[in-house]
Structure formats: structure tokens, C-alpha cells
Amino acid sequence: MKNNIKYFSIFAYLLMVVVSSCNKDWLTPKPLSIYSPENTFVDATGFKAALGASAKNIRDEFFGDGSPIITESIFSDISVEGTDDKTGPAQNMDLQIRPDAQLNSGDFNRIGWYWDQEWIGVRMANTIITRLPLAKSLTDAERNSFMGQAYFFRAYNYYRLTNQFGDVPCPITEITTAKVDFATVKRDVILKRMKTDLEYAVQYVPWTADKGTVNRGACYHLLTKINLALGLFDDAIASSTALINNGTYKLMTNRFGVDAGIASKNVTWDLHRPDNKAAAANTEVLMLVTDRLGSAGAFGVGTGLGTRIMRQAVPGISIGTNIVTPNGKAGAAATGGNEIDIMNLYGRGIGRCRSTPYEYKDIWDDAKDLRHDSTSGNYMFMENVRYFAPALKTSDPTYYGARMQLYDSKGKLLCADTLRSWYPWPHYKLYVPDTEANPMQGGHSDWYVFRLAETYLLRAEAYVWKGDMANAAADINVVRTRAKCSPYTASQVTGIGTILDERARELYWEEPRKTELTRIAYIFASTGKSYNGKTYTLSAFSTSNFMIDRILEKNIFYRTNFVTLHNDMMKISQYHVLWPIPQSAILGNTGGRINQNVGYSGAELNVPALDKIPEQ
Amino acid sequence: MTASSSPLIVLDGVIYPGGLEDINPNDIATIDILKDASSAAVFGARSANGVILISTKKGKSGKPIITFNDNIGFNKLANKPHLLDGNEMLDFRADAIWSMMGYDSTSKPGIKYRYQNPTKLPSGSISQADWMALTGATGDVTTEWLNRLRLKPIEITNYQAGQMLNWEKLIYNDNALQHDHTVSIAQRRDDYNYYLSLGYLTNEGLTVGDTYKTFRTRLNLEATAAKFLTVGMNFQFSNRDESSIPVNLSDVTRTTPWGSYYAADGVTLRTSPNDDPGNNTHPFMDQTYTDRMYQYNNFFGSLYAKGKLPFGFSYQVNFSPRYDFLMQFNHQSALNPTIAAKKGVVDRRNQTTYSWQLDNILRWNQKLDKHTIEATFLFNAEKFQSWNSTMHAENFAPNDNLSFHAVQSGTLPATIASDDQMATGDALMGRINYNYDQKYFLTATARRDGYSAFGQQNPRATFPSVALSWALNEEKFMKGTQKWLDYAKLRVSYGENGNREIGRYAALSNLTSGTFVFVTSGGTAYNGSTVAASNLSNPSLKWERNSAINSGIDYSIFNGKVSGSIDYYVRTTKDLLVNRSLPTVTGFSSILVNLGEVENKGFEMSMNTVNLERKNLTWKSTISFWLNRNKINHLYGATPDYDPATGKQIGSSEKDDLTNQWFIGHSISSIYNYGIQGVWQVADAALAKTYGYKPGDMRLVDLNNDGAYTIADKQFLGETTPKYSWNLRNDFRIYKNFDLSFTLYAKIGQLSSFSEATNSQLNGGNVFYDRSNFYKIPYWTPSNPINDYAGIGSNVGGPVSWGVYRASSFVRLSNASLAYNVPSQLAKKWKFDNVKFYVNIVNAHVFSNWIYFDPENKNGTSGGAPTPYNVNFGLNITL
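A quick note: this is a predicted structure, and the numbers were derived from the prediction, not measured.

J.: Can you help me understand the domain arrangement of chain A in this one?
T.: Frequently, the measure chosen for interface size is the accessible area removed from exposure when the parts meet. All names here are of chain A. Domain annotation of chain A identifies domain 1 (44-68 + 110-205 + 581-616), domain 2 (217-290 + 446-509) and domain 3 (300-443). Taking only C-alpha atoms into account, the centre of domain 2 sits 29 Å from that of domain 3. Facing 27 residues of domain 2, the contacting portion of domain 3 comprises 28 residues. Buried area between domain 2 and domain 3, both sides added, is near 2300 Å², and the carbon and sulfur share of it is 57%. The three residues of domain 2 that bury the most area against domain 3 are Arg-505, Tyr-508 and Trp-509, which together make up 31% of that side's buried surface. In this structure, the connection of domain 2 to domain 3 is made through five salt bridges. We note a salt bridge from Glu-506 to Arg-371, for which the minimum N-O separation is 2.7 Å.

J.: Quick question: what am I supposed to make of helix α19 (residues 496-506) of chain A here?
T.: Working note: α-helix, 3.6 residues per turn, so residues spaced by three or four point in the same direction. In terms of burial, α19 of chain A is a largely internal element, eleven of the eleven residues being buried. Burial in α19 of chain A covers these residues: Ile-496, Gly-497, Thr-498, Ile-499, Leu-500, Asp-501, Glu-502, Arg-503, Ala-504, Arg-505 and Glu-506 of chain A.

J.: What am I meant to see in the pattern of salt bridges here?
T.: Any two side chains of opposite charge can pair, on the condition that their charged atoms come close. Residues and elements named next belong to chain A. According to the stated counting rule, one finds 86 salt bridges over all chains in the structure shown. Between Lys-225 and Glu-516 there is a salt bridge, with the nearest N and O atoms lying 3.1 Å from each other. One end of the pair, Lys-225, is in helix α9 (residues 216-229); the other, Glu-516, is in helix α20 (residues 513-527), with 291 residues separating them in the sequence. When the shortest N-O distance is used, the salt bridge between Asp-366 and Lys-368 registers 3.1 Å. Assessed through its relative accessible area of 11%, Asp-366 is described here as buried. What makes Lys-368 partly exposed here is its relative accessible area of 45%.

J.: Help me understand the packing of aromatic side chains in this model?
T.: Both the distance between ring centres and the angle between the ring planes are used here to describe each pair of aromatic rings. Under the criterion given, the structure shown has 81 aromatic pairs over all chains. An aromatic cluster is present here, built from Phe-75, Trp-113, Tyr-114, Trp-115, Trp-119, Tyr-158, Phe-165 and Trp-579 of chain A joined pairwise through their rings. Looking at Arg-500 of chain B, its charged tip hangs above the ring of Tyr-451 of chain B, at a distance of 3.9 Å from the centre. Between the NZ or CZ atom of Arg-806 of chain B and the centre of the ring of Tyr-789 of chain B, over which it lies, the distance is 5.4 Å.

J.: Would you mind going over the nonpolar core with me for this structure?
T.: As a rule of thumb, nonpolar side chains are buried together in soluble globular proteins. With 179 residues, the main nonpolar core has Phe-152, Ile-317 and Phe-546 of chain A as its most contacted residues. In terms of residue count, helix α7 (residues 140-164) of chain A provides more of this core than any other element does, eleven residues in total. Sequence-distant contacts of Phe-546 of chain A, that is, excluding residues within four places in its chain, are made with Ile-496, Leu-500, Leu-517, Ile-520, Ala-521, Phe-524, Tyr-531 and Tyr-536 of chain A. Among the nonpolar cores identified, the runner-up in size contains 63 residues, and Tyr-115, Leu-149, Tyr-693 and Ala-757 of chain B belong to it.

Definitions and cut-offs
- Residues numbered from 1 in each chain as written.
- Chains lettered and ligands numbered in written order.
- Predicted model: local features only at pLDDT ≥ 70, side-chain atom pairs only at ≥ 80, totals over all residues.
- Heavy atoms only, no water.
- Domains from an automatic or database assignment.
- Contact = heavy atoms within 4.5 Å.
- Buried area = accessible area lost by both parts, 1.4 Å probe.
- Salt bridge = Lys/Arg side-chain N within 4 Å of Asp/Glu carboxyl O.
- Buried < 20%, exposed > 50% of the residue type's maximum accessible area, 1.4 Å probe, protein only.
- Helix = DSSP H or I, 4+ residues; strand = E, 2+ residues; numbered from the N terminus.
- Phe/Tyr/Trp six-rings, centres within 6.5 Å; stacked < 30°, edge-to-face > 60°.
- Lys NZ or Arg CZ within 6 Å of the ring centre and 35° of its normal.
- Core = buried A, V, L, I, M, F, W, Y, C linked by side-chain atoms within 4.5 Å.

Here it is in C-alpha cells:
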């Protein structure tokens, strides 16, 4: 027994030696292919990469199938959801825009996408802002510039959040633990903080920088929007003037870029060519996002996605047999590569983002306007398209290759679905050649986020709010005359409607229309100014506001409660001025209360929003 | 709840990290399942989800034994709903479009018949002329009808020519063949024994072109090097070929029987058979125009030495390395008309995995009178490493004829990526087994386990366990029972073990890197880098802990005529590894944490009986029955409650996780959703409208009758896990040479998602009811006002999100087999030791009310691959 114990002890000892010898860092995790914050956010390269991620994060709004910008457009006067062969698209907002409903799907709407993605943007910026002071190796100039750029991205996302959702929580530092006790902060409190941040940014961010990154022009532009949102019209005039007068950025008024040699085209066409947006010659662009076919950072790399813009916004010419010749034969084919290759010229549209007559007809008040010109091929009307179904060559040769018509000689309608398959569209904006999909859907392209043309329209808006119609007209005319329109006289600027009309002409698929309408609705409500003889208040914002009144005035589909072929009604209500806070965000915040917007279920549990931003 | 819960596989005494598909079933000698925590503890704290012990064969007799196992089987379709044929589809389409028009029956006289076949209008309904006049149409009535049904020109042409495609015939292999051949040789001599096998299996799937092949070999070798030293190795190699490209089944339902198979040239596949490329591509498109090589090779071995030491000590060392090599090469040809513009697309992925384990085991045995003591000490170390590279290229020049072999000729090399990983672990264990007089048994174990995923602060955790058992029948006072009681043993055990099955770096903040194009002021584009965190780190993450109490009895009575066991357990899991939902305001959706407590209580019994023992007939049965009840005790701890009026804290309480659908006091698999009371009928149209629905839509239960569907109307509908399960096996031996057996098993009381009842399968993707084809399931119309299926394209959106669930209880005849053993004299005459023929039917039948594919394997909502039943014919020869 004694010996046994001895042997046992020896073996036990040996085992202990083996164990302790490899004890030290045997179990330390060793990440091989991933970076960690501690070894990345230490130098200029690391922070540049972090800012790069913030820039990339704002890109997706304009890209892919059911791109989010569509949701911004259908909550406005310019578009509606045209999909009418399934349940799901946001048409009857009363039924479908609810906190608990599907809010992040191309087949429904992208409200939840904005909510998620904007908070990711805030988080990315907060990480940079929190870690910059700790990075000792940076020079002051680098640190200040990076800080300004990070402030830009945070302000960009908060500007969107506060005009989509109103009062929201406001984290301003990096979150490193499972925080679940957020509280809602008042919108103007958040925006005032963003104004301060951007006033810092415009001192330190350089005037020019590589395209795709932030420059001082973009900071002034965003500051102008925030000044307007706060009702500080003089500040807005000052910040936009600082940008316009600096001279680094100028409107493009002459032919340039890839198609400059094609005499039938014009500067409006040139401005929106995919290859020209980031071109050296382009002095108008303030901020853009990039998407290049073949680069590893391309949108939806490997999946064949890109802008997909032609699929979203071009009419569904080839859907079903919606379009027939006067002889009743199917006029279009859904395949690319036909003799008359409509599908690979305009793309295979599905009419998901369907323009309103306001957008394609009512606002065009000058026949010379290049932005609505079909002779040069900028703007397309269905009557410009030819019947191209190959079967027609034998079954209906009279009409094969003839121009499409909406009615036959006896007045019989030749399009079974005019909502989805028959409306004009701005080809100069939507034409993004697609080498990956056949038929084309809309390929890869850089996209404008901010252009100097909009800066002029923002300053014009500030003048309108101040009642200075002469200066407003002067700024609008800078944009109009570039498109070869006759200038407006001061008396032709009748109010905010003139600004909104010009924005609709110039900024289709660029401006987030809902965000801007809500911003303007807040200005009406806080200033008490009248629109069409009606005034608004902040206290009744969700029951009576400018935005929904404007939509019901200009968007015939919502005004008349248009019923689609799928038997769905188009309907929007006053409380839709603010989108619902997704229910999951409220439920996940178990330690505090995130308020729901008035009009949506759950708002009865709201607590007063904070007057101050919590520092943690 | 987040960490994986698959059981640990122990192969020939060492932990096996590979897949079961790499082990040839013919090599397996025994399979045991360890359930109680104490016995599982030997194999590491990872055994929380149970342990499957697999032992492979060894040489058994002095002469080499050669065995041939050959079987050929047929896979056949089972439990598949009927896909509408051409004419059925047109009837369906008529109702689908009628539904899209709001079932219009009133706007014009006879409008109800607008989509009906004009040549088969019911008498007294409407004349053909009036039918044409409904849309002011002229010309051929049939063409007009097909136009109204939105058929494409190609479909109209084919209908008029009577050319219908039978897609089911085109895509399904009616008699898919399965071959399985294994040959083995085994022998035992005084100082060595070996087992060597080679196996080849090829299995055709139910759909055309779906083939799976595997080659597996094994060598088990053991030699006595000296009286006190045994050395050996178990070695396994397998190759799996998963190169086949399945038919795209969802495209089969998205196209129609009236399309054409080929394009106009008669050679190229038609991009979309019915010229609707926005909705479908040719189901054979990928299979025809893709060149694929997916090969998986793996080696698993275990090398060991067992030595006897003086004074009752023995020592064993195991080293078990595993190598995995996978190649996934894929080339989509430029000939594929849907991606012709891309001029060839190639993806290549290579991954090498190397992992090893080292076990050092010291044992000590001592017997003193009636006391038997065995002590075991174990030291274990392990390491996992993998190296993965992927590349993607497109736009091949001069052409893509070299398939995936010349990725450098792609002019658009879009991505090159690598992902390498490493993990380490270790363990220490001490265990004492003691028994007195083979009557009283005690096992006590302590383990300390370490894993690098928890390595920042809590790499190691200690897990104790203890088990007691008592062989009742050995007691003197039980003497009187000896007549009928052969054996009875009472057991009770308590044990703790852990779970570590999370990502190797899940506790770290992972900065995802990528690129984004920037453009210099000169207009030159370059790739800039991007980094952003993809998750929150949790440095304090630790092992999930599981503590279980098991009690049970093993028994055998009436000379072994009845034997079995009965068990009851309570298992409590704490510090669960959970992806806790976060408010998205954080910029993250969740964080991996240790939280909460879940309890599982269960009862299990099994009984083996010999029902009949006659000269020419024996009948044996095995019955098992088990149930488990799961309950969440705690989640994230108490958080404050606020008064909505004042915003002041008025108390605190523990909250449910509504995002993950986890509710305190309920099972993890609870379904908390809106009840469905039927379908909105025409008579209730006005009421339906107030809820945002219309006749033909599913009618939800308005629990609180407040006239609106809100979150307050949700209720607990049931669970997705069975209430109880049972298994019954019967074996008959007839005339000594025939073996007949069948096995039934059942899962009773569970609910499964059945969104098909909405006839609006948004999630399955079949959204275009006026453009696709469908499986035959009932649907509502005003003239067929059923209450359990909604109308075609019913509204599944609406004010709230909800789902449809139906009971999916079933009893399955999982196996029926008949074997004939050639009498040994006859076999000997043929120079064989043993010859056996058998026929075996797997998944012979399912008894269930479930109608859509298999109740257990619904597999997606739109045309998931059906579960086969198969018939095997086998031959087993031993030389």
C-alpha cells in the first residue's frame, strides 16, 4: 500500500508538470484572420478604414432590389408602390405600416432597414469619436480632420433618423456592453448637438478630398439642412453661402465626360452618366458613394446586384401580356437579346417605384427643360417605345416595330395595367448599363448623395422661409438655367411649393423625399407659417401636418384611394408623417422606455422625451 | 439556447470531431448512448448533450474472416403533394385571377365567369357571345380565354398544339438507384488482431442528376508488443463526392406545364420555359451549364499505447489526429443564357483542417476482499486549426473553356479571401469507482476543462459528478424473489457538465474588413480599406453549465423474458450561452452572453420482451417511450418598470425576450402567436374590413375583443416539440432461417408551421399566383367557402405578423425487413461460412393528418425535396 501511494504521487506530480508547463497561454484566444479594435484604431490608417466603413454604410440606400430610397419616395408626392400582383407592398399605409409589421423587405417596405442601418452608422461614428482621443500617434491635424468626418457621419444618420422617426434615443459614445436602458430624446435637442458638431467639422475637414470620403463642402451642405431643420434660416443662408462662395465647387454647365462627343446629348445627360459622377472634371459633386463592377467592395459582389435601378423604376413593359397591339397580340417580350432589344436598352422594369402624374407631368412648366426632354433621349415616354415581341413578326407584322399606343382607333385601352406598365420615366437618371444581367436590371454605378445644385435649392428654401422671393428665385434659376429653362421672376416663386417642385425636377432618385418633407412639415408646425391657407402646430403634428396634406394634394393615388388590380387600396394618414419605431427595438430595450410615435399602437405607454442628451 | 446542442460522438474511445457520414455503418460493432451526466463525464465537459459511443469491429477468430456486404436499393417518392398538370393549372389560374379581382361577381352580369373556360361554361350561366362581350373581345374564344388567364404567347401556342410538359416526370427519378458495397477482412491471433474494410456507396437522389458517392476505408490494428504493452491504431479515410447539382425545384413550381423545354434553336435550354424570366429560370439551367467538383477527404486516426505498471497501475496514451481537405470548385458557363453577359463565373474554395487530441490516462486497480477500487486520472490537450481560402472570378478571356482550372484568365477577379482559425482546449479529470461485493457502487468524478473561446477571463471550469447504484437482487432479503427476479439495480446520480459549442472567436469583437472604392481628384479609382465591428465583445464569457439528477432502475425478470429500464431526470442549465437581443439603437442586434436558466424534466422507459419462443417461431419486442418537458426559469434578471404617466420607476421585474420569443415559465419551443379561428367568409366582409382583411383571408382571434389585432391578442398556441414519443420494434424468427422485423416510431403532440394554408406563400417565394404553377392543396373561394385554407393570394401581411400552425403528429413505419439465412450446411457446401439475403424497406409509410410533404421533414415551403422511401435488396456473405 505504501509503495502504491508512492507511485501514485510520482505520476500525479508528473501530470501536474505537464499541465502547468503549457498552462500559460495555451488557452489565450488567437484570432488569425480578424482585426480587433485594440490593434486597429491606433493610427491614421485604422481610422481611415473606420471612416471608409461609415461611407460604405450610407451607400446601400440607393442599391439593390427594393432599394430603400423607394420607401422614401412612396411616402411623398412623387411616387407610389406599383407592385400589384402580390400582397405586401406598402400601398395601404393604414394596414401595413405598423410597429409589428414586416418593415424590412423589398417586397414590403424598408422602414426597418433605415432604422437598423442608421443606428449602425451612429455606432460606427461613435466608435471613432470615442477612440480618437486615445490614439496618441495621430497629429492634431489628423485627429481634428477625422473627428470632423466622424461628426459628419453621425450627423448624417441623426438627421435622417430625426426626420424619419422624430424623437429617438441619442447615444453619443461607443457602446461596449449590453445596454438596454435607452430613453427617447427630443428631436431638436439632438439636431442642436449635430449642428455644434458640424460647426466643428467645417473648420477642420479639408475642402477637397478623395471622392467617396467627406469634404468640407459636404459638411456645410449637411449643416445647412440641419440649420433649416432647426428653423435657423439665417444660419442656413450663412452655411450654404460659405460653401457656394468658396468656389471649390461649381455647377456643371458645359458638356463633359464620356459622352461629351455625342452632339445630340447635353450637360444634363453628362451629369448623370455612371462614369462621370466621380470624374475629375465634375465640380458639382459634394458627396457620393461608389460602386464599381469588378471591385471587391462593389455592392452585392458576386450576386449580380448593382443599382438594379432600371428594374425598380422603369415601367413593367414586359410583365405578363399587359401591353398588346391594336390587334390584341402581346406587344412585349421579357427576354433580352431580341431584334429590337428594348429589354437591354431600358432594362426589364417592374414598375415598383411608380411615378405620380405630379412627378412626370404637372411640374414641367418649361418645354425647353432638358430634364424632361425626350428628343435628346433624356426623358422617355411609352409612346417612344416600339412593339418588339418577336412573335409579332409573323402574327402581327403591321405593328411589329411600330410605336406603342395606349388606345386603339376605337378608344379601346391596350394596356391591361396602366399603374405598373405605362408611365414616363427619366432615362437620363435610370440608365445604368448592366453587363451582368440579361435582360438588364441596372448595373453598378457611383451615386450622388449631395450635389451643389441642391445647396442652391436649400438656400433658396431659406430665402422663401424669410419671404425673400427675389433671392430665392435667383438661386432656383441657377439650377433651372443650367437645364436650359427660362429663369423665374420673383413673383413666380409662390412659396415652399416652388421649392418642392424644383427639387422634384432636379433630385429624382437622389433626395430622400420623405425626410425632406418631414423636415419642412416640422418647420411649418414650429413657425406657424401657413400652406394653402392652413397652419400647423407641433402638438397636433401627428393629426394634422404639412407633409401628409402635401401628399394628398399632389399624389393622386393616395388622394383618390386608388385601388390596384390586386384589389389593394392606396391610403395614407396624417400620423404617417413619422414612421413607426420598429417594435423589436422597444421590446429589446427592457431597462427603459423608447417612445412610439403617436398614432401607432404602443404610443399610449410613452414617457416624456428627454431635454438633454445622456452622456453615457 | 444559442450554443449547438448536438451530442458528442466518441469513436473507439476518443472524441470524434467528424461527421457520421464518414463512418461506414458496416464497420460499426456497437453503438451505445450515455445519458446520465456521471457516465458521460469521462468524455469531457462537452458531453452535456449526451454521448454516442461507437465501437468499430475488431478481429475475432483465428482465421481470416472475409465478409461481403452488398445491397442495391431503390429510392422512391413518398408523401408528395400532386403538382397541378396543365389543365388543372388553368382551372387554378382562373380562380387565382378571380381572387385578384376581388372575386367580382356583381359588376356586370356573368362577370363571375370571365376567367372560366368558354367552351365549358355551365349551362344556363352565360352564352359564349356574352362571355366574349365581357371584355369586348373578338376572334378565337380559346385565345381570348388564355389571354385572360395571362398566358404568354408560347404557352398559348403550346396549349393549342396540345403540347404539355410533365415536369414531375422530367425532374424525378422514378427508381433512383442506391448501391452499397463493403468488403472486410478480420483476424485475431495471439499477439495481434486486425480489421480492414473497403466500402463504396453511390446514391441517386430523387431528382434527376442528384448523385452522392463516397469511398470509405478503415484499418484497425492492435499488437501486443510485450506482455505489459499493447499498441494499436484505428485509422479511417473517407472521400465524399458531392459534385452533383440538383434540379431547382422552386423553378419547377414557378414555371408552367405550357412552356417549351428548348429555345428556338432546339438545343439551348429556354431561359424560362414559359418566357417569364422575371419569375423563373429553366429548372435544369444550373445543372446543364455548371461544372462542379465538390470533394471532401478526411483522415481520422487514433494511435494508442496501453502499458501495465506494477502495483495495479496501468497507463494509456492516445493521440488522435484528424485531417480534412475540402475542395469546392464551381464554374458557371458562359453558355448559360441567364448569365451570358458575365462570360463565365468561377468560384474556388479550399480548406484544410487539422485537429488533434492527446489523452494521457493513468489507472489504478485494487481489489481487497469485497472492496474493488479503480481510480482514473486523465490529462487531455487538444488543438484545432483550419485554413480556408476562397476566390471568385468572372468575365473570362479569351473564353471560359478551361472551366475552373484557369482562374487567372478571369478579367474580373472580384474577391480573394482567407479565413484561418485556431482553438485550443485542455482537461484534467480524476475519477474513483468503488464497489462493495458487486452490490453497492459508487463513482465520483471531478473534471476541470479549458477552452480558448472563453480564454479572455474564464477559460476553465470545474465539473463534479457522483453516482450511486445498488444491485437489489443481490441482497439476502430479496432471496424470495429469485424465482422471478433475475436482476434489479437502483441508480441515482448527480452530475455537472458544460457546453462550449460557440464560434471559436465569438467572445471577441470582430472587426470585419473590406474595401470601398475612392477616387482621387485626378479621377483615378482605388480600393480603400474599411473596418467595422460586427459584434460586441464579451470578455467574461464562460462555459454553459448543466446539472442533472438522474434516477432509475434496470431490471430483468422471468429469466430474461422481460427486461428494461425506467429513468427520470431533472436537468437544469445555467449560464446559458445565449444571443441576447439588444435594442437595435446600439447598432448591434445581439450579444453572446451567459444568462438565464432552463429546466428539462423527463421520463424514459424501455422494455425488451420475449413474447413467444417456439421451435419454429420466436417473437421479441422492444418498446421505448419518452417525454421531455422544457421550461425557461430565468432569462436576463430583473430590470426596472416605469410608470407610463410619470416616467418614474415603480418596481422591477424579469422580462420575457419577445424578440427571440422566449418566455419565462414556458418552453423554448413555445409558439406565441395569434390564434387562427378560420377564414373570413363573405357574410362577415364588413367586419373583416374593420380588421384590415377581406373574405378569403385567414381570420385571427381577437382575444380581447377590442376590434383590432394588437400584440395583446397573442397567445400560447402550443409547442414545436413533441409531447411524447415512442418507438416499437418487433422481431420474428420463423423456421430458424427467416428474420422478419419492423419498427414503428411516433412523435405526438407537436405543431409545425403550415404557411401553405394561407395559399400565399410569401416566404417560400411563390408570390405570383397569376404566373406560376402549384401543388394541389385546398383553397377558399366564395363558391367553396371552406374554413381551414385561405383564398389564393390571401393577405398574409396586414396589421400584425402572424403564422399558421398545424398539428404534425405522426406514426412512422420506419423500417420493415425480411432476411433469409441460408442454412449453414448448405452454405458450407457453397464454401461459405454464412450467407444471408435480405430486403429492407426504409420509411415504408407515415400515418399522419399532415398533408404537405413529410410531417417530420417539410423542408421549406415551396417544393422542398420530398423524403424518399427506399427498398433495399442485400446480400451478406462471410467466407
